[in-house]
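Structural characterization, general
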Amino acid sequence: MRQVTRLMIREYKIKELGYDFMGYALQKGDIYTFHHLMVPNRNGGPYEKWNGSILCGKTSHPYLHVIEEKDYDMFCSITSEMIDMNMRGCLSEYNLRKIDDVLCQFEREHCSDRTLTGKILIREPYTQRLFRR
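Predicted model, so just to flag it, every value in this text is computed and none were measured. (Residues numbered from 1 in each chain as written. Predicted model: local features only at pLDDT ≥ 70, side-chain atom pairs only at ≥ 80, totals over all residues. Heavy atoms only, no water.)

Some thoughts on the pairing of strand β2 (residues 52-56)
Burial of β2 is extensive: five of the five residues sit out of reach of the surface. Residues Gly 52, Ile 54 and Cys 56 point to one face of β2 and Ser 53 and Leu 55 to the other, with burial holding for every one of them. (Buried < 20%, exposed > 50% of the residue type's maximum accessible area, 1.4 Å probe, protein only. Helix = DSSP H or I, 4+ residues; strand = E, 2+ residues; numbered from the N terminus.)

See below:
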């Protein structure tokens, strides 16, 4: 785990709160991961606090990338809320509920979508988050 990831977990009290920047709890066998917010990793984005959020490696992080691929506007809405929390220096219930609203809308619109291999796009663990309407 990178030093900036450890630092952000500590500064944002991720373990104490029990959820990440998208409102997901870490599941057994999972790890926290660094997600690039403004400058993507594929574009050489730095592993710096200003450019990152902490997400769960098996749920919120891959789910966010599914959303990025399927509905870029929703991805940008979620990213905007995470940037806001990053700038404030704390996780906010207000932002987390706004993220949940976007996730619920995505789930309504894409509930029957499948991957190219025929698997359901929105896996069960993706819908299990702490901040739900």
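Some details on helix α1 (residues 3-11)
When we look at burial in α1, the residues that qualify are Val 4, Thr 5, Met 8 and Ile 9. Buried residues of α1, seen end-on, are gathered within an arc of 140° and therefore sit on one face of the element. Those residues of α1 that are exposed and aimed more than 90 degrees away from the buried face are Gln 3 and Arg 10. Looking at the buried positions of α1, the neighbouring elements they touch are α2 (14-17), β1 (32-36), β2 and α4 (72-88). Two residues or fewer past α1, Lys 13 is found with a positive phi of approximately 55°. (Arc of directions from axis to C-beta. Contact = heavy atoms within 4.5 Å.)

Details of the environment of Leu 17
Inspection of the secondary structure puts Leu 17 in helix α2. Separated by 73 residues in sequence, Leu 17 and Cys 90 place their C-alpha atoms 11 Å apart. Contact partners of Leu 17, with chain neighbours within four places excluded, come to Tyr 12 and Leu 91.

A short note on the packing of aromatic side chains
In the structure shown here, the tally under the stated rule is five aromatic pairs. Taken together, a centroid distance of 5.1 Å and an interplanar angle of 40° make the contact between Phe 34 and Tyr 47 tilted. Of the two residues, Phe 34 is situated in strand β1 and Tyr 47 in the loop between β1 and β2; the sequence distance between them amounts to 13 residues. A relative accessible area of 7% places Phe 34 in the buried class. Just above the ring of Tyr 47 sits the side chain of Arg 2; from NZ or CZ to the centre is 3.6 Å. (Phe/Tyr/Trp six-rings, centres within 6.5 Å; stacked < 30°, edge-to-face > 60°. Lys NZ or Arg CZ within 6 Å of the ring centre and 35° of its normal.)

Distances and angles like these do not, on their own, reveal function.
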